[in-house]
Amino acid sequence: MLEKSEQARSPMPRRQSKVTQMFESDAIENLSQETRSFAPSQSFSLDANAQPELYGRAKADPLAFWADQAKQLHWFEPFTTTLDWSNAPFARWFADGKLNVAYNCLDRHVQAGNGSRVALYFEGEPGDEQVYTYEALTVAVKKTTNALLALGVGQGDRVALYMPQIPEAIISMLAVARIGAIHSVVFGGFSADALASRIQDAHAKLVITADGGYRKGKATPLKPAVDEALKGDNCPSVEKVLVVQRTGGDIDWTENRDLWWHDAMSAASDEHEARGFDAENPLFILYTSGTTGKPKGILHTSGGYLTQAAYTHRNVFDLKPESDVYWCTADVGWITGHSYVAYGPLANGATQVIYEGTPDAPHPGRWWEIIQKYGVTQLYTAPTAIRSFMKLGRAIPDQFDLSSLRLLGSVGEPINPEAWMWYREVIGGNRCPIVDTWWQTETGAIMISPLPGVTHTKPGSAQVPMPGVSAEVVDDNGQPVPNNHGGYLTITTPWPSMLRGIWGDPERFVDTYWSRFEGQYFAGDGAKKDADGDIWLLGRVDDVMNVSGHRLSTTEIESALVSHHWVAEAAVVGAKDEITGQAVVAFVILRQDELGDAPEDAEISQALRAHVAKEIGPIAKPQQILVVSDLPKTRSGKIMRRLLRDVAEDRPIGDATTLADSSVMGAIGAKLAGGATD
Ligand code: WT7
């Protein structure tokens, strides 16, 4: 397996792969025309954490390289073996070592004399502030650890978190980690149903939540969704609910189950000595959408995960803990919030900003105001955000002093060259390197990215695999494609922060990621290598959408739609969207017998959108719902989403010769021409 990437490329001309055909028409062509390239600036290079020799060192001996990275952490017992791949694809990294993830993020910085360094600058949406030094954060986590222990949480127990972006979310994650228990953070924008299914799947014993949080200028309740998720005997594994008081809003209270955070803390001691756990002790489960209706519980463990989160954070963001103020805008409910808000930065002793609210509350310059206020040096955000700021115009960021910024990062979806250039010029003042970082919930940490100060960058390209990572773009047969060709993105060797499996479903883990190409991890993304061999991400090749950098499954939304009594059949596609990258478009066939007195399409659309929000969460709401009388299917009954995407993106319909009934697309077209959209 380790030799795979070294394989000689076949000199034979090859047939175009399916994925190349799929993307050939637009994305690949557009990207091929991108010729701008930026060399690293000398002033940045001189003092950069990452030096060019990192590539050579990693290539010469990848395992020794990773072992060196792991040794930068504190180990209660050192490891002697780096990788055990004998039970592939179930990896074990640093398996005979013992460490404590929270100790690495907290105590060791205090012991090194950095207790008075700020760990978190918290900015609430209403403008309230809290500052936690490493010393204070360590005390808060120790207290929380004792409170959780008192509630009976032990090693291996699952704790669900459903919280706003407040310090207590990070404190809870670290306290769970300190005990050797497993957290499952559920994004606060998910519905009660989505929360319940995640609690059930993991058999969580405890739920930590808040009465609510501030978003879009108002207090948004969270606790009612927890109450609904746990209602009756819906989640029998849950014994207690710990509630942070954030908004002070009225909430229902279940005696003997609910407990105020502040009461639990006032009873808890602030003394707690951390102990080491096996490197492979599970650290967290994070649910993410796949190609089926059921989200996958991606499982990460401790030593390898923390090693790669810290290593990438240090080198990709060039983190200088003594002087930088780093800000990643991701919510802790997503993997970016795990690796680049909680674990990577804290393991590196970083000072960082966390912000509770939305970018436009109370005014559209809020982010730039925060950068000015705290003197933020690195900003890590998503292309969707950049595009929406771009749309509002540069006059807004121009009102603020952004001169503290020295590096900009992008994550979550392909960044188009226009947005990349705007980010560089308007936000970065043409002086900040941009790191476009490709990775996934499953990879745990950044896999493909330029190294600032080392790698040339091109607007829209994630460039090259990180030192220590082997990625390859392959054709349908798993063979590397030559430069200037597209294919499927695969990872060819194990990496420390790789997922260790899907919670409770080892078979699905093997099927989903390891069976498409022998011995390689298939990421689900299409990619292209340009003339220099640099990598350009082209989006998903499976039935997974990417809306605002958030992963949504077409199947999951389809099942939510058909669970409504009006809907007989549904097909969902991701259509290109200027701001959000993709937008959810649904085609539905209605059950005439259930409809009653013939509601208008607009009414149907409204009801179904609300239904999807209830089933999954507002992020999954279709932007458009088209009522149709038939769906395009092959003779074997598979919905041809490609044709529906043509309709949704308003272009001529592609090859429909494999349709069972060739008149279907004509009927859908005619219906659209009638203007019956949402
Ligand atoms: C999918 C993973 C990684 C944290 C956020 C999303 C897409 C991610 C990039 C990028 C192009 C990207 C891929 C990937 N993606 N980063 N820099 N360029 N596409 O995590 O929800 O697990 O989604 O996001 O399609 O497979 P996720």
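Residues numbered from 1 in each chain as written. Predicted model: local features only at pLDDT ≥ 70, side-chain atom pairs only at ≥ 80, totals over all residues. Heavy atoms only, no water.

1. Observations regarding helix α8 (residues 167-179)
Over its 13 residues, α8 extends 19 Å from the first C-alpha to the last, a length consistent with the 18 Å expected when each residue adds 1.5 Å. Buried residues dominate α8, accounting for 13 of its 13 residues. Immediately downstream of α8, the backbone of Gly180 shows phi near 80°, a positive value. (Helix = DSSP H or I, 4+ residues; strand = E, 2+ residues; numbered from the N terminus. Expected span 1.5 Å × (residues − 1). Buried < 20%, exposed > 50% of the residue type's maximum accessible area, 1.4 Å probe, protein only.)

2. Examining the environment of His313
Mapped onto the elements, His313 comes out in helix α12 (residues 303-316). Counting along the chain gives 33 residues from His313 to Leu346, while the straight-line C-alpha distance between them is 9.9 Å.

3. Quick look at the packing of aromatic side chains
With the rule as written, the count across this model stands at 36 aromatic pairs. Pairing Trp75 with Phe94 gives two aromatic rings, centres 6.0 Å apart and planes at 65°, and the pair type is edge-to-face. Of this pair, Trp75 sits in the loop between α4 (62-70) and β1 (83-84) while Phe94 sits in the loop between β2 (92-93) and β3 (98-99), placing them 19 residues apart in sequence. For Phe94, a relative accessible area of 0% puts it in the buried group. Ring plane angle 65° and centroid distance 5.6 Å describe the contact between Phe317 and Tyr326, whose orientation is recorded as edge-to-face. For Tyr326, a relative accessible area of 0% translates into the label buried. Members of the aromatic cluster, joined through ring pairs, are Trp85, Phe90, Trp495, Phe509, Tyr513, Trp514 and Tyr521. The ring of Phe190 is capped by Arg198, whose NZ or CZ atom sits 4.5 Å from the centre of that ring. (Phe/Tyr/Trp six-rings, centres within 6.5 Å; stacked < 30°, edge-to-face > 60°. Lys NZ or Arg CZ within 6 Å of the ring centre and 35° of its normal.)

4. Quick word on unusual backbone geometry
For the bond running from Ala88 to Pro89, omega is 5°, close enough to zero to count as cis. Its place among the elements puts Pro89 in the loop between β1 and β2. Here the residue pair Ala361 and Pro362 is connected by a cis peptide bond, since its omega of 0° sits within 30 degrees of zero. Its location among the elements puts Pro362 in the loop between β17 (352-355) and α14 (366-374). The backbone phi angle of Lys216 is positive, close to 55°, even though this residue is not glycine.

5. Focus on the sheet that holds strand β21 (residues 471-474)
The four strands lie next to each other as β21-β22-β24-β25, forming an open sheet whose pairing is antiparallel. Taken across any chain shown, the strands that pair with only one partner, and hence form the sheet edges, are β21 and β25 (535-540). Shown here is a sheet whose adjacent strand axes are inclined to one another by a mean of 45°, direction ignored. Looking at chain direction, strand β24 (residues 521-529) and β25 are connected through five bridges and run antiparallel. For Lys529, the partnering residue across the bridge sits in β25 and is Ile535. (Pairing = 2+ DSSP bridges. Axes fitted to C-alpha atoms, helices over the stretch in contact; angles between N-to-C directions.)

6. What to know about the domain arrangement of the protein
Here the protein is partitioned into domain 1 (42-100 + 281-540), domain 2 (132-275) and domain 3 (564-673). For domain 1 versus domain 3, the separation of C-alpha centres amounts to 34 Å. Together domain 1 and domain 3 conceal approximately 420 Å² of surface at their shared face, both sides included; 64% is due to carbon and sulfur atoms. If you sort the residues of domain 1 by the area they bury against domain 3, Thr384, Arg387 and Lys391 come out on top, with a joint share of 68%. If you look at where domain 1 meets domain 3, you find zero salt bridges. Linking domain 1 with domain 3 are two residue pairs in polar contact (both at pLDDT 80 or more). (Domains from an automatic or database assignment. Buried area = accessible area lost by both parts, 1.4 Å probe. Salt bridge = Lys/Arg side-chain N within 4 Å of Asp/Glu carboxyl O. Polar contact = N/O pair within 3.5 Å; in protein donor to acceptor, adjacent residues only side chain to side chain.)

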